[in-house]
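# Chains, contacts and geometry: an overview
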Amino acid sequence: MVVAIASANRPGILPETVRSIAQQDRRPDLLILSLAALDDIGDLAPEHLPFPVEIVVGQKGATRQRNGALDLLRPNDIVLFLDDDFLMAPDYLSRTLEVFGADPEVVMATGTVLADGIGGPGFDHARGARMLERLNGTPARDRVVPTYAAYGCNMAFRASVVLERNISFDEALPLYSWLEDVDFSRRLAPFGKLVKSGRMRGVHLGTKTGRTPGVFLGYSQIANPVYLLKKGSISRRHAYEMMARNSAANLVRSLNPPRWADYRGRLRGNLLALRDLLRGRVSPERILELTP
């Protein structure tokens, strides 16, 4: 059981998340921290953790950092990629192993997010931990159901499939790498079942520090679906629905934007990407040429 976390510019977030993993009733055999800089580790002391830790430092970007963790895997590993602000219920890892052990056709599993701060200002660790304790006290749904894609904040998979098929995260999706979880999931889909478990439970804090500037995310909300549509990772309907939904939300919320999200920047990014789409030059990597 391997847990892998990619993190950048959030030294105040990562350490508490990692220390919470020690509360698992089945601890990981290895934790991989894939960082953009060694300073990203914050005040964490890996030598004091009750499980082995490997640290990888490489170029910033979610896909590149996650690929850095893939390089350390072995074929018999079950790997769980977590965001650096995802808190697991104490039995999350044991429940994950149960899902894969019960059905050899399962190649990827994602859990049930009991609360998600991504759509609001987010939660700090203390609030997230309280919410997790309260919500995890409710009966869990003992269901494993098919899913279209894993949620990137908590997605587990068989390393054997990834290593044998030479599957990696697409580095053409830079920085925040929006939709890299959907692309990775759909590339695994031909080789087995993608499922969601009602017993793998946790809380996603949705921390806003260190995230991509609004204009970059807004551009990615158009450019990345177009790219994945051309690549064949998502359907035309799925791509158009995502672009329309996000653009409409950014337009409405930019009229009276909250302090915790740059909706006007996202809308500007949407418009820049639509302009590039009409000109035939839209590309996920164009965000590297934009200014915040």
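Above this text sits the structure in question.
The following paragraphs examine the structure supplied in this document. Every value quoted in this text rests on a predicted model; they were computed, and no experiment measured them.

Turning next to the packing of helix 8 (residues 236-253) against helix 9 (residues 263-279). Between helix 8 and helix 9, the shortest axis-to-axis distance is 8 Å and the interhelical angle comes to 135°. By the angle between their axes, helix 8 is oblique relative to helix 9. Considering the relative orientation of helix 8 and helix 9, their crossing is left-handed. Across the interface between the two elements, N246, S247, A249, N250, L251 and R253 of helix 8 pack against Y263, R266, L267 and N270 of helix 9. Tallied by class, the residues present in the contact of helix 8 with helix 9 amount to 4 nonpolar, 4 polar and 2 charged.

In this structure, the largest pocket spans a volume of roughly 1,400 Å³. Around the largest pocket, the lining is made up of 50 residues, and of these I118, Y176, W178, R211 and L217 lie nearest the centre. When residues of the lining of the largest pocket are traced back to their parent elements, those giving at least two are strand 1 (2-7), helix 2 (62-70), helix 6 (180-188), helix 7 (214-231), helix 8 and helix 9. In terms of residues, the lining of the largest pocket owes the most to one element, helix 8, which gives 5 residues. Domain assignment of the residues forming the lining of the largest pocket places at least three in each of domain 1 (2-204) and domain 2 (214-289).

A word on the nonpolar core. One finds V3, I5, V18, L31, L33, L80 and M88 to be the most contacted residues of the largest nonpolar core, which totals 28 residues. Elements with a minimum of two residues in this core: strand 1, helix 1 (14-20), strand 2 (30-35), strand 4 (78-82), strand 5 (86-88), helix 3 (92-102), strand 6 (106-116) and strand 9 (193-204). The greatest single-element share of this core, amounting to 4 residues, is contributed by helix 3. Setting aside chain neighbours within four positions, we find L31 in contact with V3, I5, V18, I21, F51, P52, V53 and E54. In terms of nonpolar packing, the next biggest core, distinct from the first, is built from 23 residues, V56, V107, A159 and F169 among them.

Turning our eyes to something else, we now look at empty space enclosed by the protein. One way to see where empty space is left: roll a probe the size of a water molecule over the atoms. Per the stated rule, a full pass over the model turns up 1 cavity of 30 Å³ or more. Estimated volume of the largest cavity: approximately 40 Å³. Surrounding the largest cavity, P174, Y176, S177, W178, T212, F216, L217, S220 and I287 form its lining. Residue composition of the lining of the largest cavity, grouped by class: 6 nonpolar, 3 polar and no charged. If you count residues domain by domain, the lining of the largest cavity takes at least three from each of domain 1 (2-204) and domain 2 (214-289).

Counted according to the given criterion, the structure contains 19 salt bridges. In this structure, the salt-bridge partner of R95 is D91, at a minimum N-O distance of 3.1 Å. In this structure, R286 and D276 form a salt bridge, with 2.9 Å as the shortest nitrogen-oxygen distance. Of this pair, R286 sits in the segment after helix 9 while D276 sits in helix 9; the two residues are 10 residues apart in sequence, bridging distant segments of the chain. The exposure class assigned to D276 is buried, which follows from its relative accessible area of 0%. Taken together, the salt bridges that share partners define one network made up of D170, D183, R187 and K231.

About the thresholds
Residues numbered from 1 in each chain as written. Predicted model: local features only at pLDDT ≥ 70, side-chain atom pairs only at ≥ 80, totals over all residues. Heavy atoms only, no water. Axes fitted to C-alpha atoms, helices over the stretch in contact; angles between N-to-C directions. Helix = DSSP H or I, 4+ residues; strand = E, 2+ residues; numbered from the N terminus. Parallel < 35°, antiparallel > 145°, perpendicular 65-115°, else oblique. Left-handed = near helix turned anticlockwise from the far one by under 90°. Contact = heavy atoms within 4.5 Å. Nonpolar A, V, L, I, M, F, W, Y, C, P; charged D, E, K, R; others polar. 1 Å grid on protein atoms, 1.4 Å probe; cavity = no way out; pocket = protein on both sides within 12 Å on 5 of 7 lines; lining within 4 Å. Points joined across faces, edges and corners; volume = space filled by probe spheres on them. Domains from an automatic or database assignment. Core = buried A, V, L, I, M, F, W, Y, C linked by side-chain atoms within 4.5 Å. Buried < 20%, exposed > 50% of the residue type's maximum accessible area, 1.4 Å probe, protein only. Salt bridge = Lys/Arg side-chain N within 4 Å of Asp/Glu carboxyl O.

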